[in-house]
Amino acid sequence: TIGAPRIKMVNAVQVVAFVCTVVGGATAMPTSPGKGYRLLQFSETNTTWVPQSWIDTATAIEGTPHPNFFDVTDSVLLNRNASLKKAASIPRDPIHKELVDGYLTNLDTSAIFASITHLSSYFNRYYTTETGREAVLWLEAEYKLAAGNRPDVIIQLFEHDWAQPSLLVTILGKGANKAETVILGGHIDSTAGTSTNESPGADDDASGSSVVLEVFRTLMKSRFEPDRTIEFHAYAAEEVGLRGSQAIAEEYDAQARNVVSMVQMDMVGYPANTNTPVGLTTDFVSTELSTFLGKCITTYSRLTHEPSVCGYACSDHASWTKIDVPSSFPFESKFGTSNPAIHTKNDVLANLSQDRCNEFARFATGYVVELSLNP
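Now for a quick tour of the structure. (Residues numbered from 1 in each chain as written. Predicted model: local features only at pLDDT ≥ 70, side-chain atom pairs only at ≥ 80, totals over all residues. Heavy atoms only, no water.)

All right, on to the packing of aromatic side chains then. Aromatic ring pairs are defined here through the distance separating the ring centres and the angle between the ring planes. Evaluated as defined, the whole model comprises 15 aromatic pairs. With a centroid separation of 5.7 Å and 90° between ring planes, the pair formed by Phe-42 and Trp-54 is classed as edge-to-face. With a gap of twelve residues between them, Phe-42 in strand β3 (residues 37-43) and Trp-54 in helix α1 (residues 52-58) connect regions that are remote in the sequence. Comparing Phe-42 with Trp-54, the two get one shared label, buried. Between the aromatic rings of Phe-360 and Phe-363, the centroid separation amounts to 5.0 Å while the plane-to-plane angle is 50°, which identifies the pairing as tilted. With a gap of three residues between them, Phe-360 and Phe-363 both fall in helix α9 (residues 354-372), about one helical turn apart. When the ring centre of Tyr-252 is taken as origin, the NZ or CZ atom of Arg-257, which lies over that ring, is 4.1 Å away. We note Lys-322 situated over the ring of Phe-70; from NZ or CZ to the ring centre the distance is 4.3 Å. (Phe/Tyr/Trp six-rings, centres within 6.5 Å; stacked < 30°, edge-to-face > 60°. Helix = DSSP H or I, 4+ residues; strand = E, 2+ residues; numbered from the N terminus. Buried < 20%, exposed > 50% of the residue type's maximum accessible area, 1.4 Å probe, protein only. Lys NZ or Arg CZ within 6 Å of the ring centre and 35° of its normal.)

Turning to the state of the cysteines, a few remarks are in order. For the structure on display, the rule yields one disulfide. Note that Cys-310 is cross-linked by a disulfide to Cys-314, the S-S spacing being 2.0 Å. Given an S-S torsion of about -55°, the disulfide between Cys-310 and Cys-314 has left-handed geometry. Accessibility assignment for this pair places Cys-310 and Cys-314 in one class, buried. (Disulfide = S-S within 2.5 Å.)

Grouped together as the largest cluster of nonpolar side chains are 61 residues, with contacts concentrated most on Tyr-143, Leu-184, Phe-216, Leu-219, Phe-232, Met-265 and Tyr-367. Excluding residues within four positions of it along the chain, Tyr-143 makes contact with Ile-155, Leu-167, Val-169, Val-212, Leu-213, Phe-216 and Phe-232. Within the second largest apolar cluster, 13 residues are counted, among which are Ile-55, Phe-69, Trp-162 and Ala-236. (Core = buried A, V, L, I, M, F, W, Y, C linked by side-chain atoms within 4.5 Å. Contact = heavy atoms within 4.5 Å.)

Another aspect to go through is the sheet that holds β3. Pairing in this open sheet of three strands is antiparallel, and the strands run β4-β3-β5 from one edge to the other. Unpaired on one side and paired on the other, β4 (46-51) and β5 (70-71) mark the two borders of the sheet. (Pairing = 2+ DSSP bridges.)

Take the pairing of β4 next. Sheet faces and side chains relate simply in a regular strand, where the side chains alternate between the two faces. Where burial is concerned, most of β4 is hidden: five out of the six residues are buried. Where β3 meets β4, six bridges bridge the pair, whose relative direction is antiparallel. Bridging across to β4, Leu-39 finds its partner in Trp-49. Hairpin geometry of β3 and β4 is characterised by an intervening segment of two residues between the two adjacent antiparallel strands.

With that out of the way, let us pick up the sheet that holds strand β9 (residues 229-235). Neighbouring strands of a sheet are bound in pairs by backbone hydrogen bonds; such pairs are parallel or else antiparallel. An order of β6-β7-β9-β8-β10-β13 is seen for the six strands of this open sheet, with the pairing classed as mixed. Every other strand in the sheet has two partners, leaving β6 (153-158) and β13 (327-328) as the edge strands with one partner each. By the bridge criterion, five bridges tie strand β7 (residues 166-171) to β9 in an arrangement that is antiparallel. Bridge pairing in β9 places Thr-170 opposite Glu-231. Each of β6, β7, β8 (180-187), β9 and β10 (258-264) touches helix α6 (residues 243-254); the most contacted strand, β9, lies at about 150° to it. (Axes fitted to C-alpha atoms, helices over the stretch in contact; angles between N-to-C directions.)

The next point concerns the pattern of salt bridges. For the structure shown, the criterion picks out 14 salt bridges. Residue Asp-93 pairs with Lys-295 through a salt bridge whose shortest N-O separation is 2.9 Å. Residue Asp-93 is found in the loop between β5 and α2 (97-104), and its partner Lys-295 is found in helix α7 (residues 287-300); the two are separated by 202 residues along the sequence. Under the relative-accessibility criterion, Asp-93 is labelled partly exposed at 38%. Classification of Lys-295 as partly exposed rests on a relative accessible area of 26%. Ionic contacts of the salt-bridge type, sharing partners, join the residues Arg-38, Asp-71, Asp-74 and Arg-243 into one network. (Salt bridge = Lys/Arg side-chain N within 4 Å of Asp/Glu carboxyl O.)

How two helices sit against one another is set out by the angle between their axes and by the gap between those axes. Axis separation between α2 and α9 bottoms out at 10 Å; the angle between their running directions is 130°. For the element pair α2 / α9, the angle class is oblique. As for the relative orientation of α2 and α9, their crossing is right-handed in sense. Contacts from Lys-97, Leu-99, Val-100, Tyr-103 and Leu-104 of α2 reach α9 at Arg-362, Thr-365, Gly-366, Val-369 and Glu-370. Its residues placed into classes, the contact of α2 with α9 shows five nonpolar, two polar and three charged. (Parallel < 35°, antiparallel > 145°, perpendicular 65-115°, else oblique. Left-handed = near helix turned anticlockwise from the far one by under 90°. Nonpolar A, V, L, I, M, F, W, Y, C, P; charged D, E, K, R; others polar.)

Let us look at unusual backbone geometry. Of note, the bond from Asp-204 into Asp-205 is cis; its omega dihedral lies within 30 degrees of zero at 0°. Along the polypeptide, Asp-205 turns up in helix α5 (residues 202-221). With an omega dihedral of 0°, the bond running from Tyr-270 to Pro-271 counts as a cis peptide bond. Within the secondary structure layout, Pro-271 lies in the loop between β10 and β11 (278-281). Backbone geometry at Ala-313 places phi at a positive 55°, although glycine is not the residue there. In this structure, Ala-313 sits in the loop between β12 (305-308) and α8 (317-322). In this model, His-343 sits at a positive phi of 65°, which is unusual for a non-glycine residue. Along the chain, the position of His-343 falls in the loop between β14 (330-331) and α9. Take His-343: its relative accessible area is 3%, and that puts it in the buried class.

Structure representation (C-alpha cells):
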C-alpha cells in the first residue's frame, strides 16, 4: 500500500520538475533529466521526474505511509484522467445471499493465515528480486492446485520489464454477458525501501493476496460457474508506483476489454479484532460500486465500515479508475489508523487477526458472486 499522501517529503530530496508543453491540445511527454530518473504523477496536474533514490527513501520511512503516486515513466496513458462515470452494471443490493452463504461454508478459516505465513517467509518480495519472483510462482502453483482440471480456468503470468511478474487467474463466464469481466485483486510485492532490505510484508500485502486466493479456492470447492468472467489478480511493483497494475490496465484498455468492476484487497489483517470498521475509500473510486460493496460488507461479514480518504493513486484500484473502470478499495481501517509496522521488517503475522482476514474473504466472495451472476 502506498498510503496517505505526504507530498511535503518531495522537498527533502532532489526533485527535477518540468514545464508541460502543449502539442495539438495534449501534454507532451517531458524529457528525462538523466539515467536513473523516474517520472512520477502525484496528482492529475503534478508530474515530476525524481531519482530512483527518492523512491527508495520515500518507501523506507519506518511505520509511515509514503506519498501516493503513479510511476508513469513507461505509461502510454500519461494524460489520461478518470472521468468517474456512472457504473451502470452495479446492482443496488445483494440478491444472492442464500447462494453465497452456502459457498461460504467452503471457506477454510485457517488457509488465509497459512498463505500469509508462507508469503511473509521470504526475505522480501521486492519487485526486482528473485524472491519476489519466487513468491509469485508459489502463488501460481496454489491457484493451479485449487483449480484442478477445470477447463474454464486460465492461469497465466503477466511478465514485466523487471524480475517479478504479475499473476492473472480467470474463470471464464458462461452467460450471455461472458465478455464482461469482474476483477478481485491485491498486490504481491513488498518493500522496506530497497531490494536489500528485509520486508516480510505480512499485512502489506500478503494478507490481501491471500484473501484473493482463498476466495478463488472457495469458489472452486463450490463448483461455481459465473455468468460474467471473473479474474483474480496479484500485481507486481505496486509499492513503486502501481507499475504492475498500470501495465495490465493499459493493455486491457488497448484491447477494449469490458471490465465492469474492480475491487482491491490491500492490507486486511490489522488491527487484531473484528470491531474496528473497514475503511471504505471514498475518493478516486466508483460511488456506486463502493455503496454496493458496503452492503456486501454488512450482508456477508461481521464487519462494519466507515468512510475513509486514501488520496491519489494509493493502491492498484487507481490504475483501473484511471481507465474509467468502476473500482473500490476497502481498507483494513480508516486511513491514519492502519498498521504502523508496514514497510519494515516488523510487518509480521503476529500483528494480524485471522478472524479479520476471514471476514474480508467473506464479503469479497459475496462481491465476486453478486457481480458475476445475472440478476
